Amino acid sequence: MRSNDLRELFGSTAFALLLLVAGPLVGMSFIAAVGAYAEASGGLALASALSPLDGILVPTLGAYDLLITFLVPFVAIHLVATEKSSGVLMLLLQSPLRVRTQLASKMIALLAGWVACLIPAAIALLLWRAYGGHLALGETANLVAGHTLRYVVTCSLAIAAASVLNGAASAAIAVLAFTIGTWALDFFATGRGGWIAEAAAFTPAAMLRRFERGLVSLDAIVMAVVASIVLLVIAAAFLDLRATTRKRLVMSAIAIAIAALTFAVIPKNRSADVSEDRRNSFGAADERLLQTIATPVTIRVHLAAEDPRANDYERNVLTKLRRTVRDLRVEYPYAGRTALFENDDRYGTIVYRTGGKETVSRSTTEEIVLDEIETLAGLTPPARGEAVYPGHPLKASPRGAATLFYVVWPMAIAVAFVIARRPYSRRTG
Amino acid sequence: MDDAPLLRVDAISVRRGGRLLLDAVSFDAHRTEILGVIGPNGAGKTTLFEAIAGFAPLASGRVAHDDALFYLPEAIRPWRERRVGWCLEFFASLFAREKDVAAIDALQLGSLLQQRMGSLSKGEARRVALALALSTPHPILLLDEPFDGLDFRQTRAAMELLRARAAPGRTLILSIHQLSDAARVCDRFLLLDHGRAIGIVDEKNVDLEEVFLALE
């Protein structure tokens, strides 16, 4: 593939700045995480359940969340917007290079850029191992994959925005507006249930949270890939300056319709739990029992979204139930209201229904909820043992990390940038 | 000049934002000919080129050409971060060709090959753009203001190069606002005013300034 995109990306000041920032940002997160992990490892109660996924991986890689949200869009927009404004696009459109090839080349260049951006994370994880820290391959790879998917979606969105709109500034505003919109949707959908919660589960931040919990979600992966393809199809339609407005709109509408159809038919809540502590799964005996319930299970949660119990219940119980029970329907009757000031006797109760029977409970504790549902379904709750996850406490200090991330990395990037931009020898003359 | 038209523009109109930018413009261009499109600012020269190249949608009319055409827009400065030598090699390679050494020499680009595109003056960037266009294999070239920013010597050198490139069978269509330049290099002239083709001037010795003033 003949293309300039890799050179353009790696030679651009915007990308150099992204790389420059990535090191100290990842380093800062890593150093803070190692310190906090060491502190937590000192307390016996906490230490026994300490997981490097929560303690080290998520906070360290969390730095990429910031990079992807605030810096990566500008780098991707730069790739497209400069081609549009400098006349390159018009020249390339008259060459044998097809628009889709040009876009593929941009995505390949951006993925190569992502690999370079991940070097600080790789250094952090190697340091962690050198300190004697534990890493589980499955949850580590899954989290990196989650950030990668988020990166791909963000790049596709930025490319689409830069293709549709005139000017890099307009494209940047559009991408940031989209991001803020997804945050608003995420916040608004909390504790509401229904279609809005279903849609909010597919915002980039919400999808990433699943990976951070150690879940490999089929629907999240499929929707991220489909969204990226749709955005690139829209980009292709608008980058083809010879296409009529009608053709561009028809292509975009078809792509969006395919995405909507995929969203409608994709099986939700199909996921694999790759977390080492199996935090997204009930015990094997409970899972087998719950999977035998053939009738729909309806749960009516009389809790406001702002109530910590609702959050606790959603995180620790409903997430697991959604993965296990075949037909689970969750209702939030207080959706959209605080309900905290209403004199409703039902507030705080959770109503379970299945097979024409109903039971009410106030507990959000996993074992009690399981007993309620299994008994309601006419099943006998199994004997449950203690969780066997041993935890991986480690009292280590982040030695050498500050020098590597705050001194060596920025210097290496600066030197690489100067070398990349220095005059050629006579080879092109 | 070959009699069979290589490019036939038949009553094309372009409308943008409710404004009629081109109004039923027709003309032919033949093999080996250099056709100049002249007209005052806002006459529709760039729109005409964009319409012929397919970058501006036609409201009506049609453009017919059996051979491929290449359009070099005005005032482009591609790949600002890359060096001139790289740009020339890269662009030619897209068409599976070598960089056009003869054009590089004729346009005096040899000393600029190590320079970044972004550091070039307006005239230097225009000469590089001309070299890019000439490195394409397309039999029809549409060049929008090819001599813009060039000094007298450079303009003469560029004209000689264009003539040499038209002779073997290429068709060049140039939009030129400098009438003296147009008179020196073009075989025929299409007069454009307010989006309409006022006429075709077939004679080389006609006083273009008089014609131009008449358009105003």
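Since we're looking at a predicted model, the values are computed, not measured.

Regarding the overall build of chain B
Reasoning step 1: Tallying secondary structure elements over chain B gives seven helices and nine strands in all.
Reasoning step 2: Taken along its principal axes, the extent of the C-alpha atoms in chain B is 45 × 35 × 35 Å.
Reasoning step 3: With 216 residues in all, chain B has 58% of them scored as buried.
Reasoning step 4: Long-range contacts, defined as pairs at least 24 residues apart, comprise 69% of the intrachain contacts of chain B with a sequence gap of at least 6.
Reasoning step 5: Carbon and sulfur atoms provide 45% of the accessible area of chain B, an area that totals close to 8900 Å².
Reasoning step 6: When the 26 positive and 30 negative side-chain charges of chain B are each reduced to one mean point, those points stand 6 Å apart.

Focus on the sheet that holds strand β5 (residues 350-354) of chain A
Residues and elements named next belong to chain A.
Reasoning step 1: Sheet architecture is open: four strands sit in the order β4-β3-β5-β6, paired in mixed fashion. Both outer strands of the open sheet, β4 (328-331) and β6 (357-361), are each paired with one neighbouring strand and no more. With strand direction ignored, the average angle separating the axes of adjacent strands in the sheet is 15°.
Reasoning step 2: Where β5 and β6 come together, five bridges link them in antiparallel fashion. Across the sheet, the residue bridging to Tyr-352 is Thr-359, located in β6.

Side note on the pairing of strand β8 (residues 188-193) of chain B
All names here are of chain B.
Reasoning step 1: Extensive coverage of β8 is indicated by the burial of six of its six residues.
Reasoning step 2: The pairing of strand β3 (residues 34-38) with β8 spans four bridges and is parallel. Bridging across to β8, Ile-38 finds its partner in Leu-191.
Reasoning step 3: Pairing of β8 with strand β9 (residues 196-201), which is carried by five bridges, proceeds in the antiparallel orientation. Paired with Phe-189 across the bridge in β9 is Val-201.

Digging into the interface of chain B and chain A
When the parts come together, some accessible area is lost, and that loss is often what is quoted as the size of the interface.
Reasoning step 1: Counting residues at the interface gives 30 residues for chain B and 27 residues for chain A.
Reasoning step 2: Counting each side, the surface lost to burial between chain B and chain A is near 2600 Å², with a carbon and sulfur contribution of 57%.
Reasoning step 3: One can count one salt bridge joining chain B with chain A.
Reasoning step 4: Along the contact surface separating chain B from chain A lie three residue pairs in polar contact (both at pLDDT 80 or more).
Reasoning step 5: Elements with a minimum of two residues in the side of chain B that touches chain A: α1 (45-53), β5 (69-72) and α2 (84-94) of chain B.
Reasoning step 6: At seven residues, the largest contribution of residues to the side of chain B that touches chain A is made by α2 of chain B.
Reasoning step 7: Residue composition of the side of chain B that touches chain A, grouped by class: 17 nonpolar, five polar and eight charged.

Comments concerning helix α17 (residues 366-376) of chain A
Residues and elements named next belong to chain A.
Reasoning step 1: Turning to α17, its buried residues are Val-369, Leu-370, Ile-373, Glu-374 and Leu-376. Looking down the long axis of α17, one finds its buried residues gathered within 165° of arc, a one-sided arrangement.
Reasoning step 2: Where α17 is buried, its residues meet α15 (284-291), β3 (297-301), α16 (308-324), β5 and β6.

Brief notes about the confidence of the model for chain B
Atom-level detail of predicted coordinates should not be read off regions where pLDDT is low.
Reasoning step 1: The share of residues in chain B with pLDDT of 70 or more is 97%, and the mean pLDDT across the chain is 90.
Reasoning step 2: This complex was scored by the predictor with a pTM of 0.88 and an ipTM of 0.91.

Quick look at the side chain of Asn-142 of chain A
All names here are of chain A.
Reasoning step 1: Following the sequence through the fold, Asn-142 ends up in helix α9 (residues 137-164).
Reasoning step 2: Owing to a relative accessible area of 6%, Asn-142 belongs among the buried residues under this scheme.
Reasoning step 3: Ignoring any residue separated from it by four or fewer positions in sequence, one finds Asn-142 in contact with Phe-211, Gly-214, Leu-215, Val-216 and Val-274.

A few points about the pattern of salt bridges
Reasoning step 1: Taken as a whole and judged by the stated rule, the model has 27 salt bridges over all chains.
Reasoning step 2: Residue Arg-329 of chain A pairs with Asp-327 of chain A through a salt bridge whose shortest N-O separation is 3.0 Å.
Reasoning step 3: On the accessibility criterion, Arg-329 of chain A (43% relative accessible area) is partly exposed.
Reasoning step 4: The salt bridge involving Arg-188 of chain B is made with Asp-202 of chain B; its shortest N-O contact spans 3.7 Å. Highlighted residues: Arg-188 of chain B in strand β8 and Asp-202 of chain B in the loop between β9 and α7 (208-215), separated in sequence by 14 residues.
Reasoning step 5: On the accessibility criterion, Arg-188 of chain B (12% relative accessible area) is buried.

What about the confidence of the model for chain A?
Residue and element names in this part refer to chain A.
Reasoning step 1: Considering every residue of chain A, the mean pLDDT works out to 90; 93% of them sit at 70 or more.
Reasoning step 2: In the model of chain A, helix α3 (residues 44-47) stands out as the element of lowest mean pLDDT, 64, in contrast to helix α8 (residues 119-130), which has the highest, 98.
Reasoning step 3: Long-range and interchain partners of residues 425-429, a stretch whose pLDDT sits below 50, account for 10 contacts in this model, where long-range means more than four residues apart.

Points about the packing of aromatic side chains
Reasoning step 1: Per the counting criterion, the structure on display carries 17 aromatic pairs over all chains.
Reasoning step 2: Taking the centre distance of 6.2 Å and the plane angle of 65° together, the rings of Phe-70 of chain A and Trp-183 of chain A count as edge-to-face. With a gap of 113 residues between them, Phe-70 of chain A in helix α4 (residues 52-70) and Trp-183 of chain A in helix α10 (residues 168-189) connect regions that are remote in the sequence.
Reasoning step 3: Ring geometry for Trp-79 of chain B against Phe-90 of chain B: centres 5.4 Å apart, planes inclined by 85°, an arrangement best described as edge-to-face. Pair noted here: Trp-79 of chain B is in the loop between β5 and α2 and Phe-90 of chain B is in helix α2, with a separation of 11 residues, a long-range link. With respect to burial, Trp-79 of chain B and Phe-90 of chain B carry one shared label: buried.
Reasoning step 4: Taken together, the aromatic side chains of Phe-70, Trp-79, Trp-86, Phe-90, Phe-91 and Phe-95 of chain B make up a single cluster linked through ring pairs.
Reasoning step 5: The aromatic ring of Phe-263 of chain A is capped on one face by Lys-268 of chain A, whose charged end is 4.7 Å from the ring centroid.

The rules behind each value
Residues numbered from 1 in each chain as written. Chains lettered and ligands numbered in written order. Predicted model: local features only at pLDDT ≥ 70, side-chain atom pairs only at ≥ 80, totals over all residues. Heavy atoms only, no water. Helix = DSSP H or I, 4+ residues; strand = E, 2+ residues; numbered from the N terminus. Buried < 20%, exposed > 50% of the residue type's maximum accessible area, 1.4 Å probe, protein only. Contact = heavy atoms within 4.5 Å. Areas by Shrake-Rupley, 256 points an atom, 1.4 Å probe, with all protein chains shown as cover. Lys, Arg positive; Asp, Glu negative; His and termini not counted. Charge placed at Lys NZ, Arg CZ, Asp CG, Glu CD. Pairing = 2+ DSSP bridges. Axes fitted to C-alpha atoms, helices over the stretch in contact; angles between N-to-C directions. Buried area = accessible area lost by both parts, 1.4 Å probe. Salt bridge = Lys/Arg side-chain N within 4 Å of Asp/Glu carboxyl O. Polar contact = N/O pair within 3.5 Å; in protein donor to acceptor, adjacent residues only side chain to side chain. Nonpolar A, V, L, I, M, F, W, Y, C, P; charged D, E, K, R; others polar. Arc of directions from axis to C-beta. pLDDT = per-residue confidence, 0-100. Phe/Tyr/Trp six-rings, centres within 6.5 Å; stacked < 30°, edge-to-face > 60°. Lys NZ or Arg CZ within 6 Å of the ring centre and 35° of its normal.

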